[in-house]
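What follows is the residue order along each chain.
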Amino acid sequence: MSDLTPTPDRPGLHVAKPSPNAPATGSAACHCGARATATGDDQVKALVDGWNTHHGAAHNQGAK
């Protein structure tokens, strides 16, 4: 499988939870240069919420 880690050239959000007993991990990168990583279910939820609020569809996709 190819590397799914987001980069400013390939912006997005990647979340993984390999098993119910393992902590979730997440990484995000935006075309504006913002990047973040998180480990643990609560921290990954916060990362996803922040992405959705500030960078996902809510972010100005035309800006660079």
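### Remarks on the sheet that holds strand β1 (residues 12-16)
Here's step 1: Sheet architecture is open: three strands sit in the order β1-β2-β3, paired in antiparallel fashion. Each edge of the sheet is formed by a strand with only one pairing partner; in this case those strands are β1 and β3 (35-39). Averaged over neighbouring strand pairs, the angle between their axes works out to 5° when direction is ignored.
Here's step 2: Of the strand pairs in this sheet, β1 and strand β2 (residues 25-29) are connected by five bridges, and their pairing is antiparallel. Among the inter-strand pairings, L13 is bridged to a residue of β2, identified as A28.
Here's step 3: Across the sheet, helix α1 (residues 41-54) is in contact with β1, β2 and β3; its angle to β2 comes to roughly 25°.

### A few points about the nonpolar core
Here's step 1: Counting residues in each nonpolar core, the largest one holds seven residues, listed as A24, A28, C30, A38, V44, L47 and W51.
Here's step 2: Broken down by element, this core gets its largest block of residues, three residues, from α1.

### Side note on the pairing of β2
Here's step 1: Of all five residues in β2, four are buried, a share of seventy percent or more.
Here's step 2: For β2 and β3, the ladder comprises five bridges, and the chain directions are antiparallel. Each bridged residue has a counterpart across the sheet, and for T25 the counterpart in β3 is T39.
Here's step 3: Counting the residues that bridge the hairpin from β2 to β3 gives five residues, and of these G33 lies at a positive phi of roughly 105°.

### What about the state of the cysteines?
Here's step 1: Enumeration according to the criterion identifies zero disulfides in this entry.
Here's step 2: C32 supplies the cysteine sulfur nearest to C30, a cysteine that is in no disulfide, at a spacing of 3.5 Å.
Here's step 3: Given a relative accessible area of 1%, C30 falls into the buried group.

### A look at α1
Here's step 1: For α1, built from 14 residues, the straight-helix expectation of 20 Å at 1.5 Å per residue is met to within 8% by its first-to-last C-alpha distance of 20 Å.
Here's step 2: If you check which residues of α1 are buried, you get V44, L47 and W51. Seen end-on, α1 carries its buried residues on one side only, within an arc spanning 55°. Summarising the geometry of α1, the exposed residues directed more than 90 degrees from the buried face are D42, K45 and T53.
Here's step 3: Among the structural elements, β1, β2 and β3 are those in contact with the buried residues of α1.

Basis of the calculations
Residues numbered from 1 in each chain as written. Predicted model: local features only at pLDDT ≥ 70, side-chain atom pairs only at ≥ 80, totals over all residues. Heavy atoms only, no water. Pairing = 2+ DSSP bridges. Helix = DSSP H or I, 4+ residues; strand = E, 2+ residues; numbered from the N terminus. Axes fitted to C-alpha atoms, helices over the stretch in contact; angles between N-to-C directions. Contact = heavy atoms within 4.5 Å. Core = buried A, V, L, I, M, F, W, Y, C linked by side-chain atoms within 4.5 Å. Buried < 20%, exposed > 50% of the residue type's maximum accessible area, 1.4 Å probe, protein only. Disulfide = S-S within 2.5 Å. Expected span 1.5 Å × (residues − 1). Arc of directions from axis to C-beta.

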